[in-house]
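So the chains spell out like this:
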Amino acid sequence: MNTESAEKATTTMKREEVHQVIIIGSGPAGLTAALYAARSNLAPLVFEGDGFEDTAPGGQLMITTEVENFPGMVTWKDDKMHGMMGPDMMDIFRRQAENFGAITHRKRVTGIDFSKRPFRVSVDETDYHAETVIIATGASAKWLGIPSEEEYKSYGVSACATCDGAFFKDKDVMVVGGGDTAMEEANYLTRHAKTVTIVHRREEFRASKIMLERAQKNPKIKWLLDAVIIEVFGKTEGMRKFLTGTKIRNTKTGEITEVPTDGIFVAIGHEPTTGLFKGVLDMNNVGYLVTDSLTSATNIPGVFACGDCQDYIYRQAITAAGTGCMAAIDAERFIDSSPVEFVS
Ligand code: NDP
């Protein structure tokens, strides 16, 4: 893999029919790539996603509350520094990129052809072409995978406290997971719920010390450790389904108990949104795109990847933005070193 050059490409297309850069995805990675590419006069076309399936314009920060760890993105209230709300931050990212000439479309890419340059990127029946493509499709929440969970999605089972927390005012809810997301979701949910029980499959936590301690100090948060949810159940009243409880198995004793709850928030990590590239781009065994160790290059010269669709180690907004910057610079250098010959 390299970003330096590729075999010369010729095409029967005209220069004006082909974009220099198409960016797929609009989280911190995609929009940082858009900002850098736009400032290099590459007029990037960004497909933001349409909000259906796993394509959320703005990415995962749209379903986050306060982001406290993105340097410089702060607000002040009563002389105190606060983080910035995720959606506000992504709005700034998008407008900053557009300000320099990025073109954003709320559309979901449905097909690609990277077999020759210019590359083809399709949105339903419409084809777009580009000299380079930057993939920033991110990742989405993982689910427990038990059949009853599927049945109660939107009726008490959720993966987004910010989206659904307000429906659980003065109710008892559970958060599944032992990472930072679980701690953050649990803390957030105590604004609405009467109690929040963190259900975690062991006694040690993956969460950072600061996030764990914050949850441990919160009097509304209870803990159910060495515990996995094996079933959720509820009742139907008229047209409406309600969750009423869970079956929980103790991972040490094997004992199964029924625990009542009004809602379950699953916070057990994420998986990359890379299905579109299966069989085309190199991926690891769980679907993260493989990039060159020093650059954002994939196995296809001219196609670059950045953010959570290729980073399974850091998975932070700031690292996603950093790799988005790398991808834009890599694309710019590639266009210079490997021009496409167009018809006049
Ligand atoms: P993590 O992968 O860090 O944690 C996932 C948690 O879910 C683990 O405790 C894991 O258990 C548990 N889990 C996984 N699969 C299952 C399953 N099938 N059943 C039950 N439990 C399961 O994911 P997060 O989303 O929490 O965090 C991802 C990254 O985002 C991290 O780097 C984190 O620091 C960052 N982050 C930062 C925030 C901030 O700074 N404000 C907020 C949120 C996230 P086990 O530990 O046993 O494997």
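Predicted, not measured: the structure shown is a model, and the values here were computed from it.

So, on to the nonpolar core. Membership of the largest hydrophobic core comes to 34 residues, with the highest contact counts inside it found for Ile 23, Phe 70, Met 89, Phe 93, Ile 134 and Phe 304. Within the residue set of this core, elements represented by two or more residues are strand S2 (19-24), helix H1 (28-39), helix H2 (86-99) and helix H7 (317-337). At eight residues, the largest contribution of residues to this core is made by H7. When near neighbours in sequence (up to four residues on either side) are disregarded, Phe 93 contacts Pro 28, Leu 31, Thr 32, Phe 70 and Met 73. By size, the runner-up hydrophobic cluster in this structure holds 21 residues, among which are Phe 119, Ala 130, Ile 135 and Leu 289.

Across the sheet, which stays open at both edges, the five strands sit in the order S13-S20-S14-S15-S16 with parallel pairing between neighbours. Each edge of the open sheet is held by one strand with a lone partner, namely strand S13 (157-158) and strand S16 (221-225). One ladder, built from four bridges, connects strand S14 (residues 172-176) with strand S20 (residues 263-266); its direction is parallel. Looking at the pairing, Val 173 lines up with Gly 263 of S20. Along the sheet, helix H5 (residues 180-189) makes contact with S14, strand S15 (195-200), S16 and S20, crossing S14 at roughly 165°.

Below, the discussion takes up H7. With 21 residues, H7 ought to run about 30 Å at 1.5 Å a step, and its terminal C-alpha atoms sit 30 Å apart, in line with that. Those residues of H7 that sit buried are Ala 317, Ala 320, Ala 321, Thr 323, Gly 324, Cys 325, Ala 327, Ala 328, Asp 330, Ala 331, Phe 334 and Ile 335. Elements that come into contact with the buried residues of H7 comprise S2, H1, strand S11 (126-135) and strand S22 (303-305).

When a strand is regular, its side chains alternate between the sheet's two faces. The buried count for strand S10 (residues 119-123) comes to four of five residues, which makes it a mostly enclosed element. Relative to S10, strand S9 (residues 111-113) is paired through three bridges, and the arrangement is antiparallel. Across the sheet, Gly 111 pairs through a bridge with Ser 122, a residue of S10. Across five bridges, S10 lies against S11 in antiparallel orientation. Of the residues in S11, the one forming a bridge with Val 121 is Tyr 128. Hairpin connection from S10 to S11: two residues lie between these consecutive antiparallel strands, with Asp 124 at a positive phi of about 55°.

We now examine the site of the ligand. Close to the ligand lie 20 residues; Asn 69, Asp 180, Thr 181, Arg 202 and Arg 206 are nearest. Separating an oxygen atom of the ligand from a side-chain N or O atom of Asp 180 is a distance of 2.5 Å. Interatomic distance of 3.3 Å between a side-chain N/O atom of Glu 184 and a nitrogen atom of the ligand. Counting residues per element, the shell around the ligand draws most heavily on H5, at three residues. Along the lines of polarity and charge, the residues of the shell around the ligand split into five nonpolar, nine polar and six charged. Taken domain by domain, the shell around the ligand gets at least three of its residues from each of domain 1 (10-140 + 270-342) and domain 2 (143-266).

The next thing to look at is the environment of Glu 271. In this structure, Glu 271 sits in strand S21 (residues 270-272). Between the alpha carbons of Glu 271 and Ala 141 there is a distance of 6.4 Å; along the sequence they are 130 residues apart. Every residue in contact with Glu 271, bar those within four places of it in the chain, is listed here: Ala 139, Ser 140, Lys 142 and Tyr 288.

Here the focus is the side chain of Glu 149. Among the structural elements, Glu 149 can be located in helix H3 (residues 147-152). Here Glu 149 occupies a buried position and makes no salt bridge, while the nearest side chain of opposite charge, Lys 153, is found at 5.3 Å. Look past the residues within four positions of Glu 149 in its chain and what remains in contact with it is Trp 143, Leu 144, Val 157, Val 232 and Val 266.

Our focus in this paragraph is the domain arrangement of the protein. Partitioning the protein into structural domains gives domain 1 (10-140 + 270-342) and domain 2 (143-266). The gap between the C-alpha centroids of domain 1 and domain 2 is 32 Å.

This next bit is on the layout of surface pockets. Volume-wise, the second largest pocket comes out at about 360 Å³. Contributing to the lining of the second largest pocket are 16 residues, with Tyr 155, Gly 156, Phe 168, Arg 240 and Asp 262 lying nearest its centre. Of all the secondary-structure elements, those providing two or more residues to the lining of the second largest pocket are S13 and strand S18 (240-250). Here the element with the most residues in the lining of the second largest pocket is S18; it accounts for five residues. Its residues assigned to classes, the lining of the second largest pocket comprises six nonpolar, four polar and six charged.

Reading the values: the criteria
- Going along each chain's sequence as written, the residues are numbered from 1 onward.
- Given that the model is predicted, a residue must reach a pLDDT of at least 70 before its local features are reported, and side-chain atom pairs must reach 80 or more before they are shown or counted; all residues, however, enter totals for whole chains, interfaces and linings.
- Side-chain calculation: all heavy atoms of the structure are included, whereas hydrogens and water are not.
- To define a nonpolar core, start from buried Ala, Val, Leu, Ile, Met, Phe, Trp, Tyr and Cys residues and group those joined through side-chain atoms within 4.5 Å.
- Here the term buried applies to any residue with accessible area under 20% of the maximum for its type, exposed to any over 50%, and partly exposed to those in between, with areas from a 1.4 Å probe on protein chains only.
- Each helix corresponds to a stretch of at least 4 residues labelled H or I by DSSP, and each strand to a stretch of at least 2 residues labelled E; elements are numbered beginning at the N terminus.
- Between two residues, a contact is recorded if the distance between any of their heavy atoms is within 4.5 Å.
- Pairing between two strands requires that DSSP report at least two bridges joining them.
- Axes here refer to lines fitted to C-alpha atoms; in helices the fit is confined to the stretch in contact. Angles between the N-to-C directions go from 0 to 180 degrees.
- Given the number of residues in a helix, its expected span is that number minus one, multiplied by 1.5 Å.
- If even one non-hydrogen atom of a residue comes within 4 Å of a molecule or strand, that residue is called near it.
- We define a polar contact as two N or O atoms separated by no more than 3.5 Å, with the added condition that, inside protein, one atom must be a possible hydrogen donor and the other a possible acceptor, whereas residues neighbouring each other in sequence contribute only through side-chain atom pairs.
- Put simply, Ala, Val, Leu, Ile, Met, Phe, Trp, Tyr, Cys and Pro go in the nonpolar bin, Asp, Glu, Lys and Arg in the charged bin, and everything else, Gly too, in the polar bin.
- Each domain's extent is set by a domain assignment, obtained either automatically or from a database.
- Only four residue types enter the charge count, namely Lys and Arg as positive and Asp and Glu as negative; His and the chain termini do not.
- A pairing counts as a salt bridge when a side-chain nitrogen of Lys or Arg comes within 4 Å of a carboxyl oxygen of Asp or Glu.
- For cavity detection a 1 Å grid was placed over the protein atoms alone, and a set of points counts as a cavity when a 1.4 Å probe fits there but cannot get out; an open set counts as a pocket when protein lies on both sides within 12 Å along at least five of seven lines, with lining residues being those that have an atom within 4 Å of a point.
- Grid points are joined across faces, edges and corners, and a volume is the space filled by probe spheres set on the points.

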